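Chains, contacts and geometry: an overview
Here is how the chains run, residue by residue.
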Amino acid sequence: MVEFPQAGFVPNPTPIERLDRLSDALGVDLWVKRDDLAGPSFGGNKTRQLDFYLGAALAQECDTILITGAVQSNFVRTAAALAAKLGMRTIVQLEARVPVQDELYQSSGNVLLNQLLGAEVILYPEGEDEAGADAALRARAEEERAKGSRPYVIPLALGNPPLGALGYVDAAKEIIDQKSDFDFVAVASGSGLTHAGLLSGFHARGFAGRVVGSCVRRDAVQQRVRIRTVLDDIEALTPATKHVPSELISIWDGALDPGYGQIGPAAFSAMTMMGQNEGLVLDPVYTAKVFAAIPALVGSGEIAKGSRVLFVHTGGLASFFAYQTDLKRMLGVD
Ligand SMILES: *Cc1c(COP(=O)(O)O)cnc(C)c1O
């Protein structure tokens, strides 16, 4: 019996590649997990997460997906792409979460892709009200049901079964099967489904490396509480996982400033360092803030020289050009 139906979008194992020039520059053995290559429409970590939500939607014979996120959310854009491939409609709700009025932020990148992919876009005026955003989505789902559709809501707030985390419980096994000797893994910690899923999957398999979640939305104190909650919810959801002790939760928030969806100097410097040494592009909202942790923690000695380090590239590239006003200013090219 399949306990959790999946929609079939999990990619073949994404590559783990060595970053030779940055390894030399930082004095560590640095690798990247290319989950930016996972799935269609610019890919990213949401493909593995959505595989479980869309699997549930298919099992329940739903025809309309409702999902909420920030204006430049990769989650909603990936949902629109995968739902299109399943012949389902998508209603995406965009929350005013980032205090940016820039025209490109509001209309380019993921917003334009949602439109191209055929999603209906609705707006939610708050950005820090996860329960309210979910309630608005559920209200809309009821309207759809009354009109004869079969809606499936993908909720955002804590307290819902963390189905998406199962994608990263499985990805932990994929990583171990590819290369198991990492001392240190750096990954984004936003909703926490990726971070907690990896932690849980690694722990269940006895992986000894340390996993550090880099904050993209909340500070380290708040994010630690959130990750504990998501870990407990994963444990409640599936007996295939083991209890993860709180000592294994490591959080770094040194590149969070100035806040969610905004680029500060640490994130910008991570983008130029990665681009100019390895030709690999990071996104300003998530992966720049994750990669920034590695030089910072090597500098502070928390990552010892010579360590084997894995940077998990979770994608996000669809938002790159939506941030071009900031990026041009920081590059000094405008
Ligand atoms: C959503 C997202 C994250 C954060 O993942 P969570 O599971 O929400 O913590 C990281 N990177 C990218 C590119 C994302 O879109």
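Residues numbered from 1 in each chain as written. Predicted model: local features only at pLDDT ≥ 70, side-chain atom pairs only at ≥ 80, totals over all residues. Heavy atoms only, no water.

**So, the packing of aromatic side chains**
All told, the structure shown has six aromatic pairs when counted by the stated rule. Ring centres of Phe202 and Phe207 lie 4.1 Å apart, and the angle between their planes is 20 degrees; this geometry places the pair in the stacked category. The residues Phe202 and Phe207 share a single accessibility class, namely buried. For the pair Tyr260 and Tyr286, a centre-to-centre distance of 6.2 Å together with 70 degrees between the ring planes defines the contact as edge-to-face. Of this pair, Tyr260 sits in the loop between strand 9 (250-252) and helix 10 (265-278) while Tyr286 sits in the loop between helix 10 and helix 11 (287-291), and the two are 26 residues apart along the sequence. Tyr286 matches Tyr260 in its accessibility class, with the two residues each being buried. (Phe/Tyr/Trp six-rings, centres within 6.5 Å; stacked < 30°, edge-to-face > 60°. Buried < 20%, exposed > 50% of the residue type's maximum accessible area, 1.4 Å probe, protein only. Helix = DSSP H or I, 4+ residues; strand = E, 2+ residues; numbered from the N terminus.)

**Focus: the UniProt feature "domain: Tryptophan synthase beta chain-like PALP" (unreviewed entry) in the protein chain**
This chain's UniProt record puts "domain: Tryptophan synthase beta chain-like PALP" (unreviewed entry) on residues 12-315. Helix makes up 43% of residues 12-315 and strand makes up 17%, while its end C-alpha atoms are separated by 16 Å. (UniProt positions renumbered as here; feature names shortened; annotations may be inferred.)

**Considering the packing of helix 2 (residues 46-59) against helix 3 (residues 74-85)**
Axis separation between helix 2 and helix 3 bottoms out at 10 Å; the angle between their running directions is 55 degrees. Put simply, helix 2 runs oblique to helix 3. The way helix 2 lies across helix 3 gives a crossing that is right-handed. For the pair helix 2 and helix 3, the contacting residues are Lys46, Thr47, Gln49, Leu50, Tyr53 and Leu54 in the first and Asn74, Phe75, Thr78, Ala79, Leu82 and Ala83 in the second. Broken down by class, the residue content of the contact of helix 2 with helix 3 amounts to seven nonpolar, four polar and one charged. (Axes fitted to C-alpha atoms, helices over the stretch in contact; angles between N-to-C directions. Parallel < 35°, antiparallel > 145°, perpendicular 65-115°, else oblique. Left-handed = near helix turned anticlockwise from the far one by under 90°. Contact = heavy atoms within 4.5 Å. Nonpolar A, V, L, I, M, F, W, Y, C, P; charged D, E, K, R; others polar.)

**As for the side chain of Glu144**
Here Glu144 is to be found in helix 6 (residues 130-146). Among all residues touching Glu144, those that are not within four sequence positions of it are Arg89, Ile91, Ser149 and Pro151.

**So, the nonpolar core**
Counting residues in hydrophobic clusters, the biggest one holds 102 residues, and the most contacted among them are Phe291 and Ile294. Sorting elements by how many residues they give to this core places helix 7 (residues 165-178) first, with eight residues. Two domains each donate at least three residues to this core, and these are domain 1 (16-42 + 162-331) and domain 2 (46-154). Residues in contact with Ile294, not counting those within four places in the same chain, are Leu26, Leu30, Ala186, Ile303, Val309 and Phe311. (Core = buried A, V, L, I, M, F, W, Y, C linked by side-chain atoms within 4.5 Å. Domains from an automatic or database assignment.)

**What about the site of the ligand?**
Near the ligand lie 15 residues; those nearest to it are Lys46, Gly190, Ser191, Thr194 and Thr314. Take Asn45: an N or O atom from its side chain is 3.0 Å from an oxygen atom of the ligand. At 2.6 Å from a nitrogen atom of the ligand is found a side-chain nitrogen or oxygen belonging to Thr314. Relative to its unbound accessible surface of 380 Å², the ligand loses 97% to contact with the protein. For the shell around the ligand, the elements supplying multiple residues, two or more each, are helix 2, strand 7 (184-189) and helix 8 (193-204). Among the residues making up the shell around the ligand, the classes are represented as three nonpolar, 11 polar and one charged. No fewer than three residues from each of domain 1 (16-42 + 162-331) and domain 2 (46-154) sit in the shell around the ligand. (Near = heavy atom within 4 Å. Polar contact = N/O pair within 3.5 Å; in protein donor to acceptor, adjacent residues only side chain to side chain. Areas by Shrake-Rupley, 256 points an atom, 1.4 Å probe, with all protein chains shown as cover.)

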